[in-house]
Amino acid sequence: MAPKSQKQKSSGDRKNSKRSKPKPILPESEEAETLNMESMGHPEIYPLVLTTQTQEIFNCRIDEDVTDEQPYKLIKKEDIFADFQNRAAVSDFYPVRKVIQEYPGDELLVVYDKDFRYGLNFYLIGTEEGKENYLNPPEIAEEQEDYKEHIIEDLYVYRPPVSKPWVSLGSEKEIEEESVKESTKQITYMISRKRSKFGAPIKFSDQNASSVKDAYIECTAYPDRNFTLKQLEKDVGMQVVPKVKDTSTQTRWTYPKNATTQYYPREFSEEEKEIFGQSKTLSDFLNNVSVSVEIALQQNEIMNTFVDDWKCLAEEESTFGDKTDTHLKEYQSFTDLHNLKEKMVTSVSWHPTIYGLIAVSVAVRLSLEERVHFSGKLLLQPSLILFWSFSDPIHPQIVMWDITAHADRIENIKTGGSRSKKATLKPMFLLEPDSNKEATYIRHCAVSSIENGHKKVITDIHWLPDTFEINRMGSVFENRSGICCQLVTCSADCTICFWDIRPQKALTSQSVEKKKEENIEIPFDVPSTFLHLDLSWKPLIKIRLSKGETSLDHCPTKLSLNEDSLCKSQDKVLLAQSKTVKAGEMNPYYNLEGGLANHLKPIEDFCTKFFVGTEEGGVIYTDWKMERDSETGRLMAKKPVNLYTVHDGAVHTVQRSPFYKDIVLTIGGWNVAIWKEGISTGPLLQSSCAPKKYTAGHWSLTRPGVFYIGREDGYIDIWDLLEKTHEPAQSQNICITMITYIKPWTFSAKQQFIAIADYYGTLHILEIPWTLSHPSTNEVSSMNYYFEREVKHLEYIEQRKKIRDQEKKEMELELEKKKTKTYQKSKEQLEAELKMDYESYLELEETTLINLGFLKVAEKMSFMDL
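Scoring rules and cut-offs
All residue numbers refer to position in the chain's written sequence, counted from 1. Thresholds applied to this predicted model are a pLDDT of at least 70 for local features of residues and 80 or more for the giving and counting of side-chain atom pairs; totals over whole chains, interfaces and linings are not thresholded and use all residues. Only hydrogens and water are set aside; all other atoms, that is, all heavy atoms of the structure, feed into the side-chain values. Throughout this description, the term salt bridge denotes a Lys or Arg side-chain nitrogen within 4 Å of a carboxyl oxygen of Asp or Glu. Only DSSP runs of H or I with at least four residues qualify as helices, and only runs of E with at least two residues qualify as strands; both kinds are numbered from the N terminus onward. Note on pairing: two strands pair once DSSP finds at least 2 bridges between them. Helix axes use the C-alpha atoms of the stretch in contact, all axes being lines fitted to C-alpha atoms, and the angles between their N-to-C directions lie in the range 0 to 180 degrees. Three labels apply to residues, based on accessible area from a 1.4 Å probe with only protein chains included: buried if under 20% of the type maximum, exposed if over 50%, partly exposed otherwise in between. In the analysis that follows, any N or O atom pair within 3.5 Å is treated as a polar contact, provided that within protein one partner can donate a hydrogen and the other can accept it, and provided that, for residues neighboring in sequence, both atoms belong to side chains. Any two residues whose heavy atoms approach within 4.5 Å are treated as being in contact.

*Asks:* Could you give an account of the pattern of salt bridges, naming the residues involved and the relevant values?
*Replies:* Enumeration according to the criterion identifies 19 salt bridges in this entry. Between Asp65 and Arg61 there is a salt bridge, with its nearest N and O atoms 3.2 Å apart. Glu469 is paired through a salt bridge with Arg480; the nearest N and O atoms lie 3.3 Å apart. Of the two residues, Glu469 is situated in strand S11 (residues 468-470) and Arg480 in the loop between strand S12 (476-478) and strand S13 (486-491); the sequence distance between them amounts to eleven residues.

*Asks:* With reference to specific residues and values, describe unusual backbone geometry.
*Replies:* If you check the backbone angles, Asn59 has positive phi at about 55 degrees while not being a glycine. As for its position among the elements, Asn59 is in the loop between helix H2 (52-57) and strand S2 (72-76). Positive phi, close to 55 degrees, is recorded for Asp605, a residue that is not glycine. Tracing the backbone through its elements, the reader meets Asp605 in the loop between helix H14 (566-583) and strand S17 (609-614).

*Asks:* Explain the sheet that holds strand S29 (residues 730-733) residue by residue, including any values.
*Replies:* In any sheet, the strands associate via hydrogen bonds between backbone groups, in a parallel or an antiparallel arrangement. Taken in spatial order, the four strands of this open sheet run S26-S27-S28-S29, and their pairing is antiparallel. Of all the strands in the sheet, the pair left with one neighbour each is strand S26 (694-699) and S29. Between one strand axis and the next, the sheet turns by 20 degrees as a mean value, whatever way the strands run. Bridge count between S26 and strand S27 (residues 706-711): five bridges; the pairing is antiparallel. Its bridge partner lying in S27, Trp699 is registered against Phe707.

*Asks:* So what about the pairing of strand S3 (residues 107-112)? Which residues, and what values?
*Replies:* Among the six residues of S3, five are classified as buried, and the element is accordingly described as predominantly covered. Inspection of the sheet shows S2 paired to S3 by five bridges, in the antiparallel sense. Bridge pairing in S3 links Tyr72 to Val111.

*Asks:* Can you lay out the side chain of Asp493 for me, pointing to particular residues and giving the numbers?
*Replies:* In this fold, Asp493 is placed in the loop between S13 and strand S14 (495-500). At a separation of 2.9 Å, a polar atom in the side chain of Asp493 contacts the main-chain amide nitrogen of Lys455. A polar contact of 2.6 Å, which involves the side chain of Asp493, links it to the side chain of Thr495. Not counting residues up to four positions away in its chain, the partners in contact with Asp493 are His454, Lys455, Lys456 and Arg544.

Below is the structure:
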């Protein structure tokens, strides 16, 4: 704010001006300090920013009204005051309003600052003297200009440094103190000898030191007073002992007493109630708020107003586990040095009801190619299935094929060990170390027919669900028995077989006795449930996957049927058996022929197609229904619907997602692929080649976007499609050798395990962390959206491919048309071309004759006339 004296002075100047005109008087609160260039030696200069609108108002537009030749503009003061009245504080001259009001002249000089010497695009000269100096600069004599140039040149002349005497600042003392000097006095020895003894021969001989006097001299240590040694360093050890002080305190204890209190509500008297009841103000208030109260009560009934919205946005909380931990934690390991010598684990299965009971199959350590080659010799070696339990990781039970008849004995074994006392471990299957040191062997119940079965090693096996059954033509019907009674296998002999454990004909007691008499030896502990199948079991359907053009067939390694999850069906088999045994009822498998008399009811619209992985790395989508050959009349398998070659090695995993019926995971060689049933254009996801070969894989049972893949170097890759789709989310080392099988298992919502088997026969049990076992809120819908997006992407690629093919055909047709046009010339064009060729030939002949001297120039002219 300006003082009153300045304010009065400015008003006096306005009275004494030559032309008295109205000027806007600004309030003191709006005045501000103006910025001038007094620090640069130009107090009369005030930088300004003139916008395009202001330049048009005062006709000072850059490169039009103000240029490099004339970079200034004289603006009348009354025009600036008029701009103040129109735009007030928006005017660009508002920051220098005080300078303009106190300016004595009628016109102000505004200069265009092209180089931004003063920081802005324009500047105002606030004094008459400064304006005159700018418009009429004083002339400088030439001598002065030359003198200034001479001075400027002298300022930049290089002058070399001049040496000066050294001045001591005390640093030489520090250098002298740090230097090493000899502190002891040097000793000088002088050794002399007679001149005659120089060069004389010397003879050495032995001498007894004890017999000659002064021959033995002992040099003992003694203190020399002439020298004093100062100890500069010394190692000293110290130990700090804390001071211990015993103190005690006692809180003041008071006798507890029960205390009660009672209060009475404040109530209106009868007179007050009558007054308030007749009050118009109260009635008006109740009438006004009654509608709002009714709406609020309705909202309370419709929705819960006490719900915490922030908690609803987050994921489900639990006190178990750490959400930041993403690595698998080792829970237990199982190995058997006696039965697993030079053998590896080929398959793993968790028991659906007994906690901590795992069945593993072991075989000789051979690759798939070696196993196929030595398939005949492998029959001579015992094939074992080991049963491990969490309660006893040292002693396995060795069981072959069937444990139904032994379920009572398994569950009734007395518990032992300290592990069974844990609250989280509630095993139904425990081994007593003292009484079960020797493994129990159980013989198989039935073996398939050697002539009609597989000729080579079986690579995959699945139970068909208990909801349907098939006949010899592959048609689907409702299951008459109500239990899983059919299974499917694939083998390296290029066949896929469907089997039925029920007798094809009704069994009688005589036939069973006759079957028993034919067998030479039947162990007493082998049940007769499947005795009718032993050595006579034939496949119901046998399918060969023909390559079509050649007589060769595809070699299947893994398969996946169109069902929610085949592993659930296998679990149902064990679950049904355990329930019947517990309840003391008859096992349903003891009466297999009971449901054969029922009428078959066909199931309409049942998809009979399934996925098959081959040894060559292909993925086949085919149908199990049979058709009759038109020539021979025999039943033959249909040709594969689709064949894809995406893997660069044998396919060892073909598995459907437990969350989506039509999503299939295939793993083989060095890559992985995800398919959607019904999409024939290719896989939804195909990974790049991994650094090591993949050997096993499995979907997560609780997260739809997670699956586990084992590698040949002992690492396991964990894929999370919500996080990354081009590479694994993380990799973790499990063992030092190849991983052969992966099988997860869910015990409860808070505890999940994954079993990983390796090439050396060791079974690793790891606990799955929170982040890999608990899905996010919208993970199922997010993964569904991802698969739909990939399907649209494939459809777009297919459309673009068709468009490109059509464009290519059109280009080829256009090129063919151009070629035909070149050959379809008119008669006149052909004659003109022949005439031009003939004339060029004549010219060449004439030139050749002239060069050879057979033709002269005159003759040339006559020749041309001809």
